[in-house]
Amino acid sequence: MELFDSHTHVDMRHFKNDRARVIQRAKDAGLIGMVTSSIGSASFRRTLGIVEKHQGFVHHSAGCGVSQLTLEEAEKIVALTRKYSTDIVAVGEVGLDYHWVKDTQGRKNQEPLFQMFIELAKELDLPIVIHSRKAEAEATEILEKNFSGDVLMHCFDGPPSVAKQVADNGWYITLPANFGKYRNRKDAAEILPLDQILLETDGPYLSPTPERNEPANILYGIESLSKLLDLSDEDVAQATTQNALKFYRL
Ligand SMILES: [Zn+2]
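Cut-offs used in this document
- Residues numbered from 1 in each chain as written.
- Predicted model: local features only at pLDDT ≥ 70, side-chain atom pairs only at ≥ 80, totals over all residues.
- Heavy atoms only, no water.
- Donors = N, O, S within 2.8 Å, 3.2 Å for Na, K, Ca; no water.
- Tetrahedral: all angles 85-135°; square planar, octahedral: opposite > 155°, others 65-115°.
- Helix = DSSP H or I, 4+ residues; strand = E, 2+ residues; numbered from the N terminus.
- Buried < 20%, exposed > 50% of the residue type's maximum accessible area, 1.4 Å probe, protein only.
- Phe/Tyr/Trp six-rings, centres within 6.5 Å; stacked < 30°, edge-to-face > 60°.
- Contact = heavy atoms within 4.5 Å.
- Salt bridge = Lys/Arg side-chain N within 4 Å of Asp/Glu carboxyl O.

Draft legend 1. Quick peek at the coordination of the zinc ion. Note on the zinc ion: its protein donors are H7 (NE2), H9 (NE2), E93 (OE) and D202 (OD). The metal-donor distances range over 2.1 to 2.3 Å. Geometry at the zinc ion is irregular, judged from the four donor atoms that bind it and their angles of 76 to 172 degrees at the metal. Taken in sequence order, the residues that donate to the zinc ion follow the motif H-x1-H-x83-E-x108-D. With H7 in strand β1 (residues 3-8) and D202 in the loop between β8 (197-200) and α8 (218-229), this residue pair connects regions lying 195 residues apart in the sequence. Comparing H7 with D202 shows no difference in burial state: the two are buried.

Draft legend 2. View of the packing of aromatic side chains. For the coordinates displayed, the defined rule picks out three aromatic pairs. Centroid distance F44 to Y84: 5.9 Å. Interplanar angle 45 degrees. Geometry classified as tilted. Taken together, the residues span a long stretch of sequence, with F44 in helix α2 (residues 41-53) and Y84 in the loop between α3 (71-83) and β4 (90-97) at a distance of 40 residues. The class for F44 is buried, based on a relative accessible area of 0%. With 5.4 Å between their ring centres and 65 degrees between their planes, Y172 and F247 make a pair best called edge-to-face. On the criterion of sequence distance, the pair formed by Y172 in strand β7 (residues 172-176) and F247 in helix α9 (residues 233-247) is long-range, its members being 75 residues apart.

Draft legend 3. Layout of the environment of N178. Inspection of the secondary structure puts N178 in the loop between β7 and α7 (183-191). In this structure N178 comes out as buried when scored by relative accessible area, which is 6%. The sequence separation of N178 and G221 amounts to 43 residues, and the corresponding C-alpha distance is 6.3 Å. If we skip the residues at most four places from it in the chain, N178 touches L206, S207 and P208.

Draft legend 4. Broad picture of the pattern of salt bridges. Scanning the model with the defined rule gives 12 salt bridges in all. The shortest N-O distance in the salt bridge between R25 and D18 comes to 4.0 Å. Between D18 and R212 there is a salt bridge whose closest N-O contact spans 3.0 Å. Of the two residues, D18 is situated in the loop between β1 and α1 (19-28) and R212 in the loop between β8 and α8; the sequence distance between them amounts to 194 residues. According to the relative accessible area criterion, D18 is buried, its value standing at 16%. With a relative accessible area of 28%, R212 lands in the partly exposed category. What emerges from the salt-bridge pattern is a single network uniting D18, R25, R212 and E214.

Function cannot be read off these values alone, since they describe shape.
Below, the structure written as structure tokens:
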């Protein structure tokens, strides 16, 4: 079985002491690659070094920490992404966060920053990975109006109505390895065709085990999805890995 982790954060401090071993464990578990998402300018620079060390296995998607993003930081990320664009597979995660940002003005302020990254993805002809926590419908509306490239709704947790829109738009979603615990995510897994579904760990977050999450845990996602769709692990692994390679143009 060839597996792929479509969204993780291996640059984070959680992996500081054993990153090489974590990446080796991923290989041992059958992964043929992973996409690590940087979430700021410092994270971007760290990720460059990691990708260099693990060329062909770890790929870089350049995004931001949506809930705390400032204009200054967004501009730094945009400049770095332009500079290193040939080493980057996608713009993202970028988008809207209504989970941590609850006031109307704060939410509104995220929109022009989101728009900057949409323009960047267009300019560089890169696919875009969307963070849309509690803002799936709003992010979908903005993208429908402003972006015609490939879209991946990362860790999708929207209601079935939005899942249908995402499916109809031909966009992709990723489900985290522990998605079986979430009603919306299980519904989305049944609403979207399998060729629009990718799997991710979002490690170190969203662990399916009591420990820190890591790319090797993508296996848990395969098992949950194959059970839900009544398919073999092999079929689910093959489909989700192919979808990831296609979306990220690898
Ligand atoms: Zn993430």
